[in-house]
Amino acid sequence: MIRKRPNDRSSNRQQRSSLWQKCTNLRALKQVHASMVVNGFNSNYSAIRELIFCSAMAISGTIDYAHQVFDHVSEPDNFLWNTMIRGSAQSQSPLNAVLLYTRMENRHARPDGFTFPFVLKACTKLSWVKMGMGIHGKVVRFGFESNTFVRNTLIYFHANCGDLRIASALFDDSAKRDVVPWSALTAGYARRGKLDVARRLFDEMPVKDLVSWNVMITGYAKQGEMESARKLLDEVPKRDVVTWNAMIAGYVLCGSNEQALQMFEEMRSLGEKPDEVTMLSLLSACADIGDLDVGQKIHTALLEMGSGDMSIILGNALIDMYSKCGNIEGALEVFRRMRDKDVSSWNSVIGGLAFHGHSEESVNLFKEMRRLKVRPNEITFVGVLVACSHAGKVEEGRGYFNLMRNVYRIEPNIKHYGCMVDLLGRAGILNEAFEFIEKMEIAPNAIVWRTLLGACRVHGNVELGRRANERLLEMRRDESGDFVLLSNIYASRGEWQGVEEVRKLMDDCGVKKEAGCSLVEADNSALMHFLFDSKPKSR
DNA sequence: CTTTACATCA
């Protein structure tokens, strides 16, 4: 009756390590943590260490939990700092890695040879050149310039988003110019659109490994040069799942979704097993072409493949696929079965329901989300406002708009304003819609005016319609012209990243390159497109 | 505990 006192430490340790193995989701992790607290292991440093390592590194999407635990550790050692920085760097918000690094320095913990590769990775992911330069300075100050790992990561950073000349110089001066920095440099040139230099580096590489081949194939694929990628794929001495994934992602990226699926078939016929990344690309392709059949097959395959729970990222991709294919029940089903969800999961399903006109359910889910204390973000509110707009719930929509500002302190962006104009416009409250645009704290875009114009037409308000049309035409003359000009300047200088940025800017502003005619469709499909399709697919 | 390759949504 009084047996099983925790006096045998080794057996407990044994128990723990097998326990960590079973931690594959957040719930299990929390359970282990709870039992740790109950058994008094909370003060046991090695247990905390494992807990943080699991949530920061091993289980994807649980980094927030790692932060919570980490914040209660009074004297974290370098391993803990490094694990947190590393986990944050590979998470969706790499900014935290940089913040942690700053905190680390402020607390007078000395960064080491592990710290710098992780924080530099974060700077690269963020394309935060200034910060990366600053970290480079720290590397010099703390004397880690000749550390091979640090040096290679510096090359990686400068090659991908910093100064290519610095990257090349670092590489040229390196004592060890092995395949890793060589591939990093190659990848950088490829990513910057300098495929010819990349190819020359690739050809000159004395030793090539699987990764260097994948670098070159990815380089072509990312620039849409799928013929060259395909050619290399046929020459490559050995392929792995990444090789195939790069090809599939490349086809998806340039909109050749059928080719992507074909590649998948080829991959399988040659006996290569697809992984999560493969499935993510394919789901994106299915969502794009609206291929529900293939999407469902992938879903089934995933259920057969997966040992435990669906990862958050895969669940979100499935929800998105079902939603974009018009199968909202499928989306809901996946959502309900997901054990761990994040804001994106909620956003996808709330937005999907709203888009398909299930306003009531959309708003109900939003309420449920709030009950469960999941913090909505600005994307959540786009979905909710669309739902209100479709249902004609003007007062409720206004309420949520205010809730967003006053309770969640989210500044409305152009999409929220678009929703509000649509909401008021549909309800025929045109004067207020017009005033609303005039009072906006940010510049309205063409989509907003076009939405109002459409509403004026539906409600037969000629006077307001004329004024909206004036603004619209003004805007098109000014902005479209400027954007095209700017884009051409970039293009003439070979700065393709600039061209891409301008294109994104044009998308965000709702300006189209085609010369304007003032005709507006009776429905608001242009607005919906603006609100929900963020992917600027290259044609 | 490091470094190079593939990745959903917005």
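First, a word on scope: everything that follows refers to the structure included in this document. (Residues numbered from 1 in each chain as written. Chains lettered and ligands numbered in written order. Predicted model: local features only at pLDDT ≥ 70, side-chain atom pairs only at ≥ 80, totals over all residues. Heavy atoms only, no water.)

1. Description of the protein's contact with DNA strand B
The following threshold applies: Proximity is defined per residue: if any heavy atom of the residue lies within 4 Å of a molecule or strand, that residue is considered near it. Here a polar contact is recorded for every N or O atom pair within 3.5 Å, except that within protein the pair must consist of a potential hydrogen donor and a potential acceptor, and residues adjacent in sequence are included only if both atoms are side-chain atoms. Runs of H or I in DSSP of at least four residues are treated as helices and runs of E of at least two as strands, each being numbered from the N terminus.
Around DNA strand B, a shell composed of 41 residues is seen, among which Lys-121, Asn-152, Lys-222, Asn-245 and Ile-379 lie nearest. When the atoms of DNA strand B within 4 Å of the protein are grouped by moiety, sugar and phosphate amount to 50% of the total. At 2.6 Å, a side-chain N or O of Lys-121 approaches a phosphate oxygen of DNA strand B. Looking at the surface near DNA strand B, the elements with two or more residues in it are helix H5 (78–89), helix H7 (115–126), helix H9 (148–160), helix H11 (179–191), helix H13 (210–222), helix H15 (241–253), helix H17 (276–289) and helix H19 (312–324).

2. Quick look at the packing of aromatic side chains
Note the following rule: Pairing of aromatic rings covers Phe, Tyr and Trp, the last through its six-membered ring, and needs centres within 6.5 Å; plane angles under 30 degrees mean stacked, over 60 mean edge-to-face, and all others mean tilted. When a residue's accessible area, from a 1.4 Å probe over protein chains only, is under 20% of the maximum for its type it is buried; when over 50% it is exposed; and in between it is partly exposed.
Scanning the entire structure with this criterion turns up 16 aromatic pairs. Ring geometry for Phe-171 and Trp-182: centres 5.2 Å apart, planes at 75 degrees, overall edge-to-face. One end of the pair, Phe-171, is in helix H10 (residues 164–173); the other, Trp-182, is in helix H11, and eleven residues separate them in sequence. On the basis of relative accessibility, which here comes to 4%, the residue Phe-171 falls in the buried class. Exposure remark for Trp-182: the relative accessible area of 12% places this residue in the buried category. Aromatic side chains Phe-202 and Trp-213 sit 5.1 Å apart centroid to centroid with 85 degrees between the ring planes, which places their arrangement in the edge-to-face category. Highlighted residues: Phe-202 in helix H12 (residues 195–204) and Trp-213 in helix H13, separated in sequence by eleven residues. Owing to a relative accessible area of 12%, Trp-213 belongs among the buried residues under this scheme.

3. Overview of the packing of helix H23 (residues 378–391) against helix H30 (residues 525–532)
Using the following cut-off: Note on geometry: axes are C-alpha line fits, over the in-contact stretch for helices, and angles between N-to-C directions span 0 to 180 degrees. The scheme is simple: roughly parallel for angles under 35 degrees, roughly antiparallel for over 145, roughly perpendicular for 65 to 115, oblique for anything else. What makes a crossing left-handed is the near helix being turned counterclockwise from the far one by less than a right angle; a clockwise turn instead makes it right-handed. The contact rule is simple, with two residues in contact once any of their heavy atoms fall within 4.5 Å.
Running from N to C, H23 and H30 point in directions that differ by 160 degrees, and their axes come no closer than 11 Å. The angle between H23 and H30 falls in the class roughly antiparallel. Between H23 and H30 lies a crossing of left-handed hand. For the pair H23 and H30, contact is made by Val-382, Val-386 and His-390 and by Met-528, Leu-531 and Phe-532, respectively.

4. Side note on H12
Inclusion rule: Note that the arc is computed from the directions linking the helix axis to the C-beta atoms.
All of the buried residues along H12 are Leu-195, Val-197, Ala-198, Leu-201 and Phe-202. Around the axis of H12, the buried residues are gathered within 160 degrees of arc, so they sit on the same side. If you follow the buried residues of H12, they end up packed against H11, H13 and helix H14 (226–235).

5. Considering a nonpolar patch on the surface
The criterion, for reference: Residues enter a patch when their relative accessible area is above 30% and they make no salt bridge; the linking distance is 9 Å between like charges and 5 Å between nonpolar side chains (Val, Leu, Ile, Met, Phe, Trp, Tyr). A 1.4 Å probe and the Shrake-Rupley method give the accessible areas. Residues count as covered only by the protein chains that appear here. Put simply, a salt bridge is a Lys or Arg side-chain nitrogen that is within 4 Å of an Asp or Glu carboxyl oxygen.
Where nonpolar side chains cluster on the molecular surface, the patch consists of Leu-95, Leu-99, Leu-126 and Trp-128 and spans about 330 Å² of accessible area. Since its relative accessible area comes to 33%, Trp-128 is described here as partly exposed.

6. What to know about helix H8 (residues 129–141)
Our working rule: Residue count minus one, scaled by 1.5 Å, sets the expected span of a helix.
Over its 13 residues, H8 extends 18 Å from the first C-alpha to the last, a length consistent with the 18 Å expected when each residue adds 1.5 Å. Residues of H8 that are buried: Gly-132, Ile-135, His-136 and Val-139. All buried residues of H8 lie within an arc of 110 degrees about the axis, which places them on one face of the element. Across H8 from its buried face, at more than 90 degrees, point the exposed residues Lys-130 and Arg-141. Packed against the buried residues of H8 are helix H6 (95–106), H7, H9 and H10. Count one or two residues on from H8 and you reach Gly-143, which has phi positive near 75 degrees.

7. Observations concerning the state of the cysteines
When the sulfur atoms of two cysteines share a covalent bond, that bond is a disulfide. Inclusion rule: Throughout, disulfides are identified as pairs of cysteine sulfur atoms within 2.5 Å of each other.
Counted by the stated rule, this structure contains zero disulfides. Free cysteine Cys-419: the closest other cysteine sulfur is in Cys-388, separated by 9.5 Å.

8. Re the pattern of salt bridges
Scanning the model with the defined rule gives 20 salt bridges in all. Note that Asp-163 is salt-bridged to Arg-165, the shortest N-O span being 3.0 Å. As a salt-bridge pair, Glu-396 and Lys-393 come within 3.8 Å of each other at their nearest N and O atoms. Note on Glu-396: relative accessible area 24%, which makes it partly exposed. Classification of Lys-393 as partly exposed rests on a relative accessible area of 22%. It is possible to trace a salt-bridge network through shared partners that takes in Arg-230, Asp-234, Arg-239 and Glu-266.

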